[in-house]
Amino acid sequence: QKEVEQDPGPLSVPEGAIVSLNCTYSNSAFQYFMWYRQYSRKGPELLMYTYSSGNKEDGRFTAQVDKSSKYISLFIRDSQPSDSATYLCAMTPRGYQKVTFGTGTKLQVIP
Amino acid sequence: DAGITQSPRYKITETGRQVTLMCHQTWSHSYMFWYRQDLGHGLRLIYYSAAADITDKGEVSDGYVVSRSKTENFPLTLESATRSQTSVYFCASSFSYEQYFGPGTRLTVT
């Protein structure tokens, strides 16, 4: 079993929809959680990061961490065609620089 | 420009040849990483470095060598390239937990 599980998709939604992307993990030591966006043939780009539990909002994006369920989510409101990309979750224990990545969920927002 | 760059962006080489992929960052980040990305496997760590002259293996380090004589540079060498090393290689750097990635090098071994 992988430490971090992420549904590969693809996930297709109409423009304007609310998108929910999720990851589950097994290592209870994970404290620092990140979301990356990767466009085709580009490097991953850091979207958001959160420490421990709770929510964090940045524009149309909200990151949510539920440590009791070992479950993290990224919500995208009013999705746009430009949001079409692969989204990778990533996490690491506190004080540990090596990050464990999910395999990514491919999202397509249809105009 | 500030950031992290990789060269070359594309490389085709033959089995058995030595290949070096370059990575350069201008942020003076302490940590640097090399990953390979393959379909179905996601990002897999090859090597990482906590500072100049400090390196350590990741989960898929066999057949790869790194060095870090300067904080800003972290070259990755494939000592004798094999077809299984055909992949997209990403370099990343960080000062804390968040990692910042370069644009990648697409390597094909024929």
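Definitions and limits used
- Residues numbered from 1 in each chain as written.
- Chains lettered and ligands numbered in written order.
- Predicted model: local features only at pLDDT ≥ 70, side-chain atom pairs only at ≥ 80, totals over all residues.
- Heavy atoms only, no water.
- Helix = DSSP H or I, 4+ residues; strand = E, 2+ residues; numbered from the N terminus.
- Rg over C-alpha atoms; globule rule 2.2 N^0.38 Å.
- Contact = heavy atoms within 4.5 Å.
- Lys, Arg positive; Asp, Glu negative; His and termini not counted.
- Charge placed at Lys NZ, Arg CZ, Asp CG, Glu CD.
- Buried area = accessible area lost by both parts, 1.4 Å probe.
- Salt bridge = Lys/Arg side-chain N within 4 Å of Asp/Glu carboxyl O.
- Polar contact = N/O pair within 3.5 Å; in protein donor to acceptor, adjacent residues only side chain to side chain.
- Nonpolar A, V, L, I, M, F, W, Y, C, P; charged D, E, K, R; others polar.
- Buried < 20%, exposed > 50% of the residue type's maximum accessible area, 1.4 Å probe, protein only.
- Pairing = 2+ DSSP bridges.

A. Representation of the overall build of chain A within the structure. Of regular secondary structure, chain A possesses zero helices and eleven strands. For chain A, the sequential pattern of α-helices and β-strands runs β-β-β-β-β-β-β-β-β-β-β. The C-alpha radius of gyration computed for chain A amounts to 13 Å, which stays within 12% of the reference 13 Å derived for 111 residues, consistent with globular compactness. Expressed as a percentage of contacts within chain A between residues at least 6 apart in sequence, the contacts between residues at least 24 apart total 54%. Taking the 12 positively charged and 10 negatively charged side chains of chain A as two groups, their mean positions are separated by 8 Å.

B. Highlighting the interface of chain A and chain B. On the chain B side, the residues contacting the 22 residues of chain A number 23 residues. Counting each side, the surface lost to burial between chain A and chain B is near 1700 Å², with a carbon and sulfur contribution of 59%. Linking chain A with chain B are zero salt bridges. Inspection of the chain A/chain B interface yields seven residue pairs in polar contact (both at pLDDT 80 or more). Broken down by secondary-structure element, the contributors of at least two residues to the side of chain A that touches chain B are strand 4 (30–38), strand 5 (45–51) and strand 9 (85–93) of chain A. Top contributing element to the side of chain A that touches chain B by residue count: strand 4 of chain A, with four residues. Residues that form the side of chain A that touches chain B fall into these classes: eleven nonpolar, six polar and five charged.

C. Layout of the pairing of strand 11 (residues 105–109) of chain B. All names here are of chain B. Residues Thr105, Leu107 and Val109 point to one face of strand 11 and are all buried, whereas Arg106 and Thr108, pointing to the other face, are not buried. Here three bridges tie strand 9 (residues 87–94) to strand 11, and the two strands are oriented antiparallel to one another. Considered in strand 11, the bridge of Ser87 is made with Leu107.

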